[in-house]
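The chain contents come next:
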Amino acid sequence: MAKIVCVLYDDPVTGYPKTYARDDLPKIERYPDGQTLPTPKGIDFTPGSLLGSVSGELGLRKYLESAGHQLVVTSSKDGADSQLDKELHDAEIVISQPFWPAYMTAERIAKAPKLKMIVTAGIGSDHTDLQAAMERGITVAEVTYCNSHSVAEHVVMMTLALVRNYLPSYDWVRKGGWNIADCVARSYDLEGMNVGTVAAGRIGLRVLRLLKPFDVKLHYMDRHRLPEAVERELNLTHHTSLESLSKVCDVVTLNCPLHPETEHMVNAQSLKNFKRGAYLINTARGKLCDANAIAAALESGQLAGYAGDVWFPQPPAADHPWRHMPHHGMTPHISGTSLSAQTRYAAGTREILECYFENRPIRNEYLVVKGGQLAGVGAHSYSAGNATGGSEDAARFKATSK
Ligand code: NAD
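Thresholds, definitions, all that
Per-chain numbering applies: the sequence of each chain, read as written, is numbered from 1 onward. Residues qualify for local features only when their pLDDT is at least 70, as the model is predicted, and side-chain atom pairs are given and counted only at 80 or more; totals for whole chains, interfaces and linings, by contrast, use all residues. Values reported for side chains reflect all heavy atoms of the structure, with hydrogen atoms and water molecules removed beforehand. UniProt positions are given in the numbering used here, feature names are shortened, and annotations may be inferred rather than shown by experiment. Partly exposed residues are those whose accessible area sits between 20% and 50% of the maximum for their type, while under 20% is buried and over 50% is exposed, using a 1.4 Å probe and protein chains only. Between two residues, a contact is recorded if the distance between any of their heavy atoms is within 4.5 Å. Under the DSSP-based scheme used, a helix requires at least four consecutive residues in state H or I and a strand at least two consecutive residues in state E, with every element numbered from the N terminus.

*Asks:* Just to check I follow, could you spell out the UniProt feature "binding site: substrate" (unreviewed entry) in the protein chain for this structure?
*Replies:* In this structure's numbering, the residues bearing the UniProt feature "binding site: substrate" (unreviewed entry) are Ile-123 and Asn-147. The annotated residues occupy 25 residues of the chain but converge on a single region, no pair of C-alpha atoms lying more than 7.2 Å apart. Ile-123 gets classed as partly exposed once you look at its relative accessible area, which sits at 23%. Contact partners of Ile-123, with chain neighbours within four places excluded, come to Pro-98, Glu-142, Val-143, Thr-144, Tyr-145, Cys-146, Asn-147, Ser-148 and Arg-285. With respect to the secondary-structure elements, Asn-147 resides in the loop between strand 5 (139–142) and helix 5 (148–163). Judged by its relative accessible area of 4%, Asn-147 falls in the buried class. In contact with Asn-147, not counting residues within four places along its chain, are Phe-99, Gly-122, Ile-123, Gly-336 and Ala-341.

*Asks:* Can you walk me through unusual backbone geometry in this structure?
*Replies:* Peptide bonds are, in most cases, trans, and in most cases residues other than glycine have a negative phi. Put simply, Phe-312 and Pro-313 share a cis peptide bond, and its omega is -10 degrees. Here Pro-313 is to be found in the loop between strand 11 (303–308) and helix 13 (321–324). In this structure, His-264 is a non-glycine residue whose phi angle is positive, near 55 degrees. Mapping His-264 onto the fold places it in the loop between strand 9 (251–254) and helix 11 (268–271). On the basis of relative accessible area, His-264 is assigned to the partly exposed category, the value being 34%. The phi angle at Asn-359 is positive, at roughly 55 degrees, despite the residue not being glycine. Mapped onto the secondary structure, Asn-359 falls in the loop between helix 14 (339–357) and strand 13 (367–370).

The following block contains the structure:
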């Protein structure tokens, strides 16, 4: 029987919810490319309930324990007294989420001799040292597509929030003011702007489609070119480099995975190519950007705004520059963990576990690493190597937060 260690974020400070704001979720059966939503044999949770926090347990306990397995759920992942570290010696599967990532570094993998599979309950497996996983023959899987549209909606929200100066204007209302000039002195229309996405995969393409009706000019770069028909339909300009895209775009949105090729792609040097006053939206991964270079670009006015929900490491210490820089619209990492998305990634995690325990193949599109190499979405969207360096700094969150 297997031991499964599941690292999830804490329950709300007000306690695990007893009621919810809404009674149901819309029914979605397929994603636009025809891929079906997760198809586990069963689920033991109510769609729309909080599944991603410790008490939600991804709805997995009944299924795993009735099959005789041991499930350990914890939010304690960083620092000297981490529960995760204490459980690794006999763990067969580790599950965690990008929102509250269990950084599965080479050191942690070495401490887990029985480890066979690492599952990301969500999308983005950069918190696992993929090189170390390949070398140990560990399978890495994620729930491809489960929250791509959730993130795309967040990108649109953050784009509008920055361009129209929503958050500072909201603050004036909360402060009791009616300061129209203060609000509008940094407010513009999105209409007519050049908007570019770095990567046009599931999220990036959805962002392009959602923004099209705003009558913007759309640009993209990706290592895989989109079909000609899609380029024509959306009137896209294709770029082969970030330099070429950022030189013409008023809004740039990052939608590629973090891997050695993309780490720190936005840095002091590459920011010089951005148009003065560009807006940068990053809901992909914090480490795609050099944190200090972003803060400096906002201070100097090279960037007019920066928004996103992803940081490095996570959680970020209280002194992380993105908490305090001007003209930002940051949230904690939430875009892919709406209650709607949680239902999909909990069901997808269950599907992956059912396949594993029943010796059935895991869907190819869910695989990141398999049999010592990148596979499935991993082969399409990642490059080999390790992007977890520096993740130990996540332990400073507890020490620095009130
Ligand atoms: P996807 O696999 O469908 O698309 C990724 C795209 O990135 C692919 O088209 C790939 O060709 C492209 N790409 C990879 N390396 C590139 C490079 N060096 N240059 C240009 N393009 C490159 O994945 P997706 O569903 O669109 O998700 C993308 C990423 O978004 C995830 O890997 C994850 O890091 C992030 N994400 C964040 C959240 C969140 O909650 N904030 C949720 C889901 C995903």
